[in-house]
Amino acid sequence: MSRPGDPLTTAIARLRLPLGLTWAGLLAERVARAFWPLLSLLAVVAGAVFLGLYEHVSPGVFQAGAVIFALAALALGLRGLLRLRWPRRAEAVARLDASLDGRPLAALGDAQAIGRDDAASAALWRAHQARMATRASGARHVPPDLRLARFDPYGLRHIALLVLVIGVVFGSVWRAGTVAQLGAGGGGAALAQGPTWEGWIEPPRYTGMPSLYLADQQGVIRAPVGSEVTLRFYGAEGALSLYETASGGDKKDTGEPKKTAPEQSFDIARDGVLRIDGAGGRGWQVEAVADAAPQVAVLGGKVRTSFEGQMSLPFEARDDYGVTGGQAVITLDMERVARRHGLVAEPEPRGPIRLDLPLPMMGDRTEFSEALVANLSQHPWAHLPVTIRVKVTDSIGQEGQSGPVEMTLPARRFFDPLAAAVIEQRRDLLWSRDNATRVAQVLRAISYKPSDGLFRSSGTYLQLRVILRRLEAMVAAGGPDAAGRDQIAQALWDLGVLIEDGDIGDALERMRAAQERLSEAMKNGASEDEIARLMQELRDATQDYLRQKMQQAQREGDNGGDQRSAENSMRMSQQDLQDMMDRIQELMEQGRFAEAQQALEEFQRMMENMQVTQGQRGSEGQQAMEGLADTLRDQQGLSDQAFRDLQEQFNPNAQSGQSQQNEGRSGGEGRGQSHDGQQGQGGGEGGTRPGGEGAEARERAEGGEGGSLADRQEALRRQLEQQRGALPQLGGEAGDAARESLERAERSMQGAEDSLRNDDLAGALEDQADAMEALREGMRSMGEAMARNTNPGGPRDGRGDPGRAQADPLGREAGQGRQAGTQDSLLQGEDVYRRARDLLDEIRRRSGEGERPDIELDYLRRLLDRF
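Engineer: It is not clear to me how the pairing of strand β17 (residues 405-408) should be interpreted in this structure. Could you clarify?
Structural biologist: In regular strands, side chains alternate between the two faces of the sheet. Along β17, the buried face is formed by Val405 and Met407; none of Glu406 and Thr408, which line the opposite face, is buried. Two elements, strand β15 (residues 385-393) and β17, share four bridges in a ladder whose sense is antiparallel. The residue of β17 that forms the bridge with Thr387 is Glu406.

Engineer: Before we go on, may I ask you to explain a negative patch on the surface in this structure?
Structural biologist: A cluster of acidic residues, Asp759, Asp760, Glu766 and Asp770, forms a negative patch on the protein surface. Within the secondary structure, Glu766 is located in helix α24 (residues 761-790).

Engineer: Whenever I open this one, the sheet that holds strand β8 (residues 283-289) confuses me. Can you help?
Structural biologist: Whether parallel or antiparallel, the strands of a sheet pair through hydrogen bonds between backbone atoms. The four strands are arranged β3-β8-β7-β5 in an open sheet whose pairing can be described as mixed. Only two strands of the sheet have a single partner each, and these edge strands are β3 (220-224) and β5 (240-244). Averaged over neighbouring strand pairs, the angle between their axes works out to 25° when direction is ignored. Pairing geometry for β3 and β8, over five bridges, is parallel. Residue pairing in the sheet places Ile221 in a bridge with Val286 of β8.

Engineer: Can you help me understand the environment of Glu202 in this one?
Structural biologist: Following the sequence through the fold, Glu202 ends up in strand β1 (residues 196-202). Glu202 gets classed as partly exposed once you look at its relative accessible area, which sits at 41%. Spatially, the C-alpha atom of Glu202 lies 9.0 Å from that of Gly226, the residues being 24 residues apart in sequence. Dropping the residues within four chain positions of it, Glu202 is found in contact with Ser211, Ser227 and Glu228.

Engineer: Sorry if this is basic, but what is going on with the pattern of salt bridges here?
Structural biologist: Side chains bearing opposite charge may pair, as long as their charged atoms lie close to each other. Overall, the coordinates contain 40 salt bridges when judged by the stated rule. Notably, a salt bridge pairs Glu91 with Arg85, separated by 3.0 Å at the nearest N-O pair. Exposure remark for Glu91: the relative accessible area of 18% places this residue in the buried category. Taking the shortest distance from any N to any O, the salt bridge between Arg318 and Glu316 comes out at 4.0 Å. Residue Arg318 is classed as partly exposed on the basis of its relative accessible area, which comes to 32%. Overlapping salt bridges bring together Asp711, Glu714, Arg717, Arg718, Glu753 and Arg757 as one network.

Engineer: Quick question: what am I supposed to make of the side chain of Arg426 here?
Structural biologist: Its location among the elements puts Arg426 in helix α11 (residues 417-431). Of the side chains with opposite charge, Asp494 lies nearest to the buried Arg426, which makes no salt bridge, at 7.9 Å. Beyond its immediate sequence surroundings of up to four residues, Arg426 is in contact with Ser377, Gln378, Ala489, Leu492 and Trp493.

Engineer: Help me understand unusual backbone geometry, please; the structure alone is not making it clear to me.
Structural biologist: Comment: phi is negative for the bulk of residues other than glycine, and the bulk of peptide bonds are trans. A positive phi angle is found at His341, which is not glycine, with a value near 55°. When you line up the elements, His341 lands in the loop between β12 (325-332) and β13 (353-356). Phi angles above zero are rare outside glycine, and His383 is one such case at about 65°. Relative to the assigned elements, His383 resides in the loop between β14 (367-375) and β15.

Engineer: Looking at this structure, how should I read the packing of helix α2 (residues 16-51) against helix α4 (residues 89-98)?
Structural biologist: The axes of two packed helices give the description: the angle between them and the distance between them. Two elements in contact, α2 and α4, have axes separated by 9 Å at closest approach and are oriented at 105°. One finds that α2 runs roughly perpendicular with respect to α4. Touching Leu19, Thr22, Trp23, Leu26, Glu29 and Arg30 of α2 are Arg89, Glu91, Ala92, Val93, Arg95 and Leu96, all from α4.

Engineer: Hey, could you run me through the packing of α11 against helix α14 (residues 482-501) in this one?
Structural biologist: Contact geometry for α11 and α14: axes closest at 8 Å, N-to-C directions at 165°. Here α11 lies roughly antiparallel to α14, going by the angle between them. Crossing handedness for the pair α11 and α14: left-handed. Residues Leu418, Ala419, Val422, Ile423, Arg426, Leu429 and Leu430 of α11 form the contact with α14, whose participating residues are Arg485, Asp486, Ile488, Ala489, Leu492, Trp493, Leu495, Gly496, Ile499 and Glu500. The residue makeup of the contact of α11 with α14, split by class, is 12 nonpolar, one polar and four charged.

The rules we used
- Residues numbered from 1 in each chain as written.
- Predicted model: local features only at pLDDT ≥ 70, side-chain atom pairs only at ≥ 80, totals over all residues.
- Heavy atoms only, no water.
- Buried < 20%, exposed > 50% of the residue type's maximum accessible area, 1.4 Å probe, protein only.
- Helix = DSSP H or I, 4+ residues; strand = E, 2+ residues; numbered from the N terminus.
- Pairing = 2+ DSSP bridges.
- Patch = residues over 30% accessible without salt bridge, like charges linked within 9 Å, V, L, I, M, F, W, Y side chains within 5 Å.
- Areas by Shrake-Rupley, 256 points an atom, 1.4 Å probe, with all protein chains shown as cover.
- Salt bridge = Lys/Arg side-chain N within 4 Å of Asp/Glu carboxyl O.
- Lys, Arg positive; Asp, Glu negative; His and termini not counted.
- Charge placed at Lys NZ, Arg CZ, Asp CG, Glu CD.
- Axes fitted to C-alpha atoms, helices over the stretch in contact; angles between N-to-C directions.
- Contact = heavy atoms within 4.5 Å.
- Parallel < 35°, antiparallel > 145°, perpendicular 65-115°, else oblique.
- Left-handed = near helix turned anticlockwise from the far one by under 90°.
- Nonpolar A, V, L, I, M, F, W, Y, C, P; charged D, E, K, R; others polar.

Given below as structure tokens:
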């Protein structure tokens with residue numbers, strides 16, 4: 001025990017502050033260890049109150065919970081009081097002394113046991129005491145040990161703290177003031193403040209409109225039909241009541257028990273009144289905004305048709321909240337069908353043709369213009385009168401329909417008489433199986449004397465005879481069934497296409513015949529409609545001749561070096577030829593037939609002497625680039641299909657299951673095509689190339705019927721693997737980068753294949769996007785490497801050629817024909833992706849220049865939003 005004046009008392013007096021803080025730390029430790037369960041319970045309850053969880057339970061449940069909470073808090077408080085041991089001053093001194101080297105406070109409390117009478121011993125003892133006093137004077141308070149891990153092994157205190165933090169951040173501390181109202185029925189301070197309310201209006205999710213807080217609204221509230229109104233009353237029950245006429249319910253549903261409930265909700269169905277009666281109440285006039293049905297219209301009312309029979313149906317659609325889907329429905333107009341020859345028989349029942357409308361993949365769907373592209377040349381209704389109606393739907397199933405468009409179903413036209421006869425018999429057979437006997441008789445009559453020059457080759461004659469024998473065998477057996485009829489129809493179609501296409505000589509002959517018929521019509525003074533029809537035949541025949549000429553050039557290679565010299569040849573684009581035919585038609589419409597005849601003869605001589613030349617397409621590197629481009633296009637189509645399947649998982653009603661299989665039902669190859677140039681997979685010529693490595697894999701990837709997405713992805717990966725093995729030897733950094741990118745694309749395709757087999761469409765889309773990006777990088781690097789190997793150190797992309805016309809930012813040559821632009825493909829050259837990136841950067845740069853006109857800036861912003 002210390003005595004006044006001794007060294008320990010003096011030292012403790014000097015250490016009053018560190019000693020007091022150490023004692024407080026001891027108290028904090030013991031309080032935390034004794035009361036941490038109670039503090040955790042209080043934190044959980046406070047967080048729940050701040051989040052307003054009590055508002056979602058009934059008063060009885062709330063009161064029961066309050067009683068349980070009070071009993072638990074009382075029990076945990078008693079537990080803490082029993083375990084709490086008040087710290088003594090001596091315990092604080094001992095803790096402070098233990099933190100010092102040599103325990104100087106204990107040494108200052110010691111007394112000299114021996115040698116008190118010895119002066120040397122006494123001097124040594126005093127020196128020791130002085131040294132301990134000096135060491136004790138440097139003492140600092142000992143921080144408390146608040147670690148509770150050994151008392152709370154499950155970390156319950158951390159969970160309670162998390163609930164409290166969530167309540168403070170995402171809730172409202174002011175909600176604590178309303179708890180007493182629920183527990184005591186609105187007495188005390190809550191009654192002194194008066195009743196309160198809160199409410200909001202939540203529009204339907206598909207509208208994309210924000211919620212409306214009622215306290216912020218004035219006068220008239222405009223809200224979509226189906227919006228949910230939620231109200232909560234706080235305070236004494238009955239102090240506030242609701243009166244509304246916007247829900248459209250019966251009057252008995254708005255009686256007193258419903259109007260005074262603490263929480264109420266209803267849906268807006270019509271115009272009406274919303275009023276809160278009581279202290280602090282307010283009223284509003286509600287205007288219910290009905291969801292208008294979508295609208296759709298065919299632009300121009302006319303369908304455009306290409307030479308191959310591919311129709312393009314432009315349309316525009318609009319809806320107040322966005323179009324979600326649509327179809328084009330094509331029905332046969334029996335009243336306008338000329339019932340003669342094979343069409344005399346009653347037709348077999350067929351459902352209407354349904355084609356899915358293309359929708360914008362990006363941007364706003366409230367108002368847009370698109371074009372439905374489909375090829376229905378093989379359908380039994382080809383070239384028959386039909387009626388087309390376009391339908392669109394919105395999010396709540398409302399349907400809008402365009403007016404009927406009457407027309408002849410667009411399809412490929414056959415100019416060769418034999419081919420046209422074969423296709424006509426095919427149509428009759430598909431019209432009704434009762435025509436099988438008649439079709440067999442007509443085919444036998446056609447092939448009666450093959451030596452009359454009707455057949456240009458023995459192959460087509462033999463093929464027709466095989467088809468005839470199969471059909472006659474079916475007729476002898478009682479008539480063809482549906483499967484047999486379809487096989488014969490497909491064989492007749494293939495034969496008709498083979499006869500029609502023929503070779504380059506046949507195409508030239510058809511073009512000459514069309515020119516002669518047009519010339520005779522001008523000489524005989526034919527009508528304008530007849531001249532227009534013959535002019536269209538000339539255009540179609542010319543296009544067929546050009547296509548055959550291009551195919552011949554691809555087969556034979558570009559070996560006409562003499563013809564390509566600037567002195568002996570003339571370069572003309574397809575637009576120039578189109579301009580010449582437009583000029584001929586314009587002269588005929590003006591009645592200047594002599595000039596039109598002269599222009600037609602000049603056009604005929606030019607077409608017969610034309611030499612089609614192309615660049616070095618046969619080079620090994622260019623073939624590899626074309627193969628990679630095909631793979632990229634196929635991968636894009638597969639990714640689009642996976643994206644549509646993912647959309648159907650979340651919104652199975654967005655598309656009709658029947659319309660997704662229009663091929664099997666309607667016999668067409670319809671695909672929607674958007675204005676942004678992306679199109680679905682189809683069976684067009686541009687989809688595949690004969691020969692070349694990976695052709696079989698490409699066939700499997702392009703969708704043999706019944707193939708799953710995973711199988712098609714596997715076929716694409718194997719196709720890319722074959723293409724990688726056939727790459728030319730390209731040195732330099734660009735060549736290494738190309739090979740590395742293609743390896744990365746193959747790995748991503750493998751990942752996409754695994755994800756598809758595991759039904760993970762979202763993961764597959766990510767891997768497919770990585771694969772496409774790697775393919776683009778590989779093609780870009782490969783193009784750079786090829787350019788360096790071809791012309792090291794020289795100008796690239798032909799921009800250094802003085803004889804080349806100046807190109808615009810899109811890479812098009814200006815001033816072709818009589819138009820300011822060109823219709824050539826923008827995706828030409830060895831580095832199209834770099835050009836696309838440069839174009840996008842230029843659009844971004846111009847959109848940031850504030851001095852440009854507002855209309856131009858608005859156009860640039862719309863481009864950026866779309867792409």
